[in-house]
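Structural overview for review
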Amino acid sequence: PGALEPVGFFDPLGFAEKADDALLKKYREAELTHGRVAMLAVVGFLVGEKVEGSSFLFDSQITGPAITHIPQVPTEFWVALIASIGAAEQFRAEKGWVDPADTPIDSPGQLLADYTPGDLGFDPLGLKPEDPAEFFEMQTKELQNGRLAMLAAAGFLAQEAADGKGIFEHFSS
């Protein structure tokens, strides 16, 4: 999954040439994880700036471009967020990785042989297709959207850092 025409398999730095199947599987897991985080980040940028001053969250006190929101958020939120992320990462590690006690010292971080990168068995809305061809297509779409979101989040960060304006301010000026 992830290869689309006209580009096909895109690996300009040649990482895949030097990797075996197990390492490629770890690369795919990392790409999916970072893509999912980036998709959430892009939504957070846009929603956070759009609802500024009108949200019930944080007593409507968070203002300014999204990159300035982090220090404005109360400490209690960060504690809860870090605990939630830790729990999610623990679940992901138990679902997809070989127990560190069972891995050689020179080969840490091995994925389980029967684990499909990104498939955590969490599908409360029943969106995962049963047909293998449809599942392959959905995997490709998720990878492509994640890649786009990583670029978008980087662009949002760079733009706001460069001029100190929020994303929506660029559309109205």
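Bear in mind the structure is a predicted one, so any value in this text is a computation, not a measurement. (Residues numbered from 1 in each chain as written. Predicted model: local features only at pLDDT ≥ 70, side-chain atom pairs only at ≥ 80, totals over all residues. Heavy atoms only, no water.)

1. Quick notes on the nonpolar core
Proteins that are soluble and globular tend to have nonpolar side chains buried together. Core analysis: the largest hydrophobic core is formed by eight residues, namely Ala38, Val42, Phe45, Ala66, Ala149, Ala153, Phe156 and Ile167. Sorting the residues of this core by element identifies helix H1 (21-50) and helix H3 (132-163) as the ones contributing at least two each. Excluding anything up to four places from it in sequence, Ala66 contacts Phe45, Glu49 and Glu160. (Core = buried A, V, L, I, M, F, W, Y, C linked by side-chain atoms within 4.5 Å. Buried < 20%, exposed > 50% of the residue type's maximum accessible area, 1.4 Å probe, protein only. Helix = DSSP H or I, 4+ residues; strand = E, 2+ residues; numbered from the N terminus. Contact = heavy atoms within 4.5 Å.)

2. Points about the pattern of salt bridges
Counted according to the given criterion, the structure contains seven salt bridges. Residue Lys141 pairs with Glu137 through a salt bridge whose shortest N-O separation is 3.2 Å. Placement of both Lys141 and Glu137 in helix H3 is noted, with a separation of four residues, approximately one turn of the helix. Judged by relative accessible area, Glu137 falls into the partly exposed class, the value being 43%. If you follow the salt bridges from partner to partner, you end up with Arg28, Glu31 and Arg147 in one network. (Salt bridge = Lys/Arg side-chain N within 4 Å of Asp/Glu carboxyl O.)

3. Focus: H3
With 32 residues, H3 extends 47 Å from end C-alpha to end C-alpha; this agrees with the ideal 46 Å at 1.5 Å per step. Residues of H3 that are buried make contact with H1 and helix H4 (167-172). Directly after H3, the chain includes Gly164, whose backbone phi takes a positive value near 75 degrees. (Expected span 1.5 Å × (residues − 1).)

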